[in-house]
Amino acid sequence: MKLSALFLASAALALVAPASLAAQPQAPHDTVDPTLPTQLPRTAIPHHYAITVTPNAEKLTFDATVGIDLEVIKPTNQLTLNAAEMTISSARLTSTKGGAALPGQVSLDPKAETATITFPRTLPVGSYHLSLVYSGKIHTQANGLFALDYKNKEGKDARSLFTQFEAADARRFVPSWDEPDYKATWDLTARVPANTMAVGNMPAASSKPLPGGLKEVTFQTTPIMSSYLLFFADGDFDRITKPVGDKEVGVVMSRGNGPKGQLALESEAEILPYYNQYFGTPYPLPKLDNVAGPGQSQFFGAMENWGAIFTFERILLNDPAITSEAERQAIFGVEAHEMAHQWSGDLVTMAWWDDLWLNEGFASWMATKATEHFHPDWGADIDRVGVREGAMEQDSFKSTHPIVQQVRTVEQANQAFDSITYSKGESVLAMLETFATPEVWQRGIQDYIRRHAYQNTRTQDLWNSMERVGATGLSTIAHDFTAQPGIPLIEVGPSQCVGGNTVATVTQSQFSDDQKAEAAAHPLSWHVPVNATAGGPVTRIVTNGRTSQISAPGCGPLLINAGQSGYFRTLYRPEQLRALQGAFGSLGTVDQFGLMSDQLALSTAGYQPMAGGLDFLGEVPGNANAKLVQAAVRDWSGLYDDLEGNAAAQAAIAARVSRIYGPRLQQLGFTPRQGEPATDALLRTSLISTLGKFRDPAVVAEANRLFAAWQTNSNAIPGPVKQAWLSVIARNANQATWEAIHAKAQAATGSVEKTSLYELLGIPRDPALAQRALDLALTDEPGKTTSAGIITSVSGLHSRMAIDFVLAHLAQVNQLIDISGRSRFMQRLSFGSNDAGLIPILQSYAQANLAPTDRKPIEQAIDVLRFESSQMPRIKTEVAAWL
């Protein structure tokens, strides 16, 4: 690591590329596919943009010009492109064949987010240059060009600028054909204060001083890419770098935070060559930065801008004062995800938002692969099963959608970033990799990247590559799992040992939380790869039709979905469950976790009594694998919440968890130990939080001791466990405790710690303190990107209060949320509630505020509330009886 030698006169100046990092030759232009959905007339195709932007950070405005080289493909007297929240003061068009410039009359359509430019005569087919002069708005949430405020190294107020354009917000920065298939090359020039650093997708080509304390930074031309990948940032930054072959990786952060970026920099440097080898196509840009922003969004943590990833500080900077082990691992995991996008998403881009999963599901799958490669001790194989379970939580309701979904509005594009796209996408890819074998799968990925570099793709293009390299039959399986929604249910018939093999008939149906009868009567059908073992080698079948025969070597208990790569649920017969329960301790951890999670989900949905799942949960001892104990403790915590109103049953859960897992916490200790396994560090914080929630005497006593010391010494609680211990205090806070945490939040200077402390103010059980937190969220004190987090914290224990508050102050709260996330915020506030009284409230909200086509998040929230409220009486009775 070194401070960048590419700085100009001072460390705050823009990056300039050395000759060795010169721009690479560009690939041929992509061709827009006229069969794709579009919200623009198919009359012109842009090929190159040249933007000059002058931000006024203090006034939250910017002035800009853009020159667009384009091709008119149909005779027209109008050009329509995307533009939002801006004023276009001048439009002129010239033909590349020469002649006088044509003035254009600009008409803006705020609802459609378009600008239509009308010319005095019809434009024949040909090449043109469009020049626009315009001005726009700098936002305070992560949309378009936005500002983030923070305290600098000296404790003074500071402001940095960044951009966030996915899915459809490049149009807030530049009038453009803002759809992914309209790929073009980009030149960006920024006129910024002379003492700041400007960052773009590419290294700076030049920097020169301007009058008035400004400078003009011009970046090298980008490769051909979609508009949502363009990036610009400007601020009082430091940049640390490291060479990786003939490339340079860097981390950009607010001045003085360089040491906190070291972990991210080292991760970048090891991931890049691994990805170069895996994808078989070297990273094509000269540099790859990861740019840290203070603050947060409620809806995303990082963005894969080509050559200039943006990441919020919490999951990029390693701050000893506050960063937990989970956040340290997230620094690697998020970076691995965003770096995977540099190939899948940036170099090869989905053609339309229907295939968003090709970007996000793929990057999630690749990040887990990288984690397993570099950090096998982190238990990423177990986490992948957890990812599957998270996807199934959404996929089990009627309001789910296929992986390849239909997106026809901007709001639908924003809503597409969900668990189906990310987690089901990752899970299905993991299943297909197992089917194809990792070696064949990698060859298919390399073929896909090589064939479609600098172009746009659809899902079938990936399956074609897989079949081409030898994954015969994969397309059939893949189509079933990506083109239709839902979860297969494999029902296991009676099994018997025949000639040293366990033989059984499996019947395929469909699992559903809220439509069991309909799913059973009219199930969808999949070709399902099913791995099974009965004590011998794993065998595989692919189901084809309603029933299939399976024969597994060995005569031990029959385990379906051995290795847990399959995306389906398995319903066993009672005697089979008893046999598996008896063999539970001898199973691998991945299968233990998958079996426990699967059976709890089947019990919760009513396919079997709650005892079916609880028996497996009860089999997890205190000395089990740390990841498995963490999962078990989490499940018990959820059941504790479900039993609200039954104090005796809650006390039984609390006593059970304290008895079985309390000694594990005593063994681990209350504070981190040098050189301990990462999984132990994660388990410690989980046990502290859960036992503190249950008011375990030893944990509460330690929390009070640490809190008293922390009030006079901010370092009294070690950073990796600080949030866990303070959460115990905050949940049980009285007025004096709440005010002490508030005072610490006001005094904090680090962006991440300040945000964390303010959010703690929203988690108390005491409704009066929760209301104080809500009132505080509408003031300027917490910060523009922190207030929504406070409201979300309140909703954890007080959903109805938080939702009522938001509806009473909707206009104000909307200003605290990303434009792209407003329709999902109300859904988030309902998470964890089983109050059916919220259903009409959410329905009224949707009818008043969302178009009928854009109500999917609210429909999903209502489905969950209906299910939870209908099933909860049964669940409470059966869990209490089991206890």
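Up top you'll find the structure we're talking about.
The rules we used
- Residues numbered from 1 in each chain as written.
- Predicted model: local features only at pLDDT ≥ 70, side-chain atom pairs only at ≥ 80, totals over all residues.
- Heavy atoms only, no water.
- Pairing = 2+ DSSP bridges.
- Helix = DSSP H or I, 4+ residues; strand = E, 2+ residues; numbered from the N terminus.
- Axes fitted to C-alpha atoms, helices over the stretch in contact; angles between N-to-C directions.
- Disulfide = S-S within 2.5 Å.
- Buried < 20%, exposed > 50% of the residue type's maximum accessible area, 1.4 Å probe, protein only.
- Contact = heavy atoms within 4.5 Å.
- Nonpolar A, V, L, I, M, F, W, Y, C, P; charged D, E, K, R; others polar.
- Phe/Tyr/Trp six-rings, centres within 6.5 Å; stacked < 30°, edge-to-face > 60°.
- Lys NZ or Arg CZ within 6 Å of the ring centre and 35° of its normal.

Student: I keep staring at the sheet that holds strand E4 (residues 76-82) and nothing clicks. Help me out?
Tutor: Think of a sheet as strands paired side by side through backbone hydrogen bonds, with each pair either parallel or antiparallel. On the basis of which strands lie adjacent, the open sheet formed by three strands has the order E4-E8-E7 and antiparallel pairing. Each of the sheet's edge strands pairs with one partner strand only, and the pair in question is E4 and strand E7 (105-109). Neighbour-to-neighbour, the strand axes of this sheet turn through a mean angle of 25°, independent of strand direction. Across six bridges, the pairing between E4 and strand E8 (residues 114-123) is antiparallel. Bridging across to E8, Leu 79 finds its partner in Ile 117.

Student: Would you explain the state of the cysteines in this entry?
Tutor: In a disulfide, the sulfur atoms of two cysteines are held together by a covalent bond. What the rule picks out here adds up to one disulfide. Two residues share a disulfide in this structure: Cys 497 and Cys 555, whose sulfurs sit 1.8 Å from each other. Separated by 58 residues along the polypeptide, Cys 497 in strand E24 (residues 487-498) and Cys 555 in the loop between strand E28 (547-553) and strand E29 (559-560) bring together distant segments of the chain. A relative accessible area of 44% places Cys 555 in the partly exposed class.

Student: Just checking my understanding: could you explain the packing of helix H22 (residues 787-795) against helix H23 (residues 799-808) for this structure?
Tutor: In a packed pair of helices, the relevant descriptors are the angle between the two axes and the axis-to-axis distance. The geometry of H22 relative to H23 is characterised by a closest axis approach of 7 Å and an angle of 145° between their N-to-C directions. Residue-level inspection shows Ile 791, Val 794 and Ser 795 of H22 in contact with H23, the latter providing Ser 799, Met 801, Ala 802 and Val 806. For the contact of H22 with H23, the class distribution of residues is five nonpolar, two polar and no charged.

Student: It is not clear to me how the pairing of strand E18 (residues 247-254) should be interpreted in this structure. Could you clarify?
Tutor: Consecutive side chains of a regular strand alternate in pointing toward one face of the sheet and then the other. Most of E18 is tucked away, with eight of its eight residues classed as buried. Sheet analysis places strand E17 (residues 237-244) next to E18, joined by eight bridges and oriented antiparallel. For Asp 238, the partnering residue across the bridge sits in E18 and is Met 253. Once E17 ends, the chain turns through two residues before running back antiparallel as E18, passing Gly 245 with a positive phi of about 65°. Pairing geometry for E18 and strand E19 (residues 287-293), over five bridges, is parallel. Note on E19: the bridge partner recorded for Val 252 is Val 291.

Student: Looking at this model, I keep getting lost on the packing of aromatic side chains. Mind explaining?
Tutor: Two aromatic rings are characterised by how far apart their centres lie and by the angle between their planes. All chains considered together, the criterion is met by 36 aromatic pairs. The interplanar angle of 25° and the centroid separation of 4.9 Å between the aromatic rings of Phe 279 and Trp 343 together place this pair among those described as stacked. Of the two residues, Phe 279 is situated in helix H1 (residues 262-279) and Trp 343 in the loop between helix H2 (325-341) and strand E22 (348-350); the sequence distance between them amounts to 64 residues. Residues Trp 353 and Phe 417 carry aromatic rings whose centres are separated by 6.5 Å and whose planes lie at 50° to one another, so their mutual orientation is tilted. With a gap of 64 residues between them, Trp 353 in the loop between E22 and helix H3 (357-374) and Phe 417 in the loop between helix H5 (410-415) and helix H6 (419-436) connect regions that are remote in the sequence. Of the two residues, Trp 353 and Phe 417, both sit in the buried class. Site record: aromatic cluster; members linked through ring pairs are Tyr 274, Tyr 275, Tyr 278, Phe 279, Tyr 283, Phe 332, Trp 343, Phe 362, Trp 365, Phe 374, Trp 378 and Trp 441. Directly above the aromatic system of Trp 710 lies the positively charged group of Lys 744, at a separation of 4.8 Å from the ring centroid.

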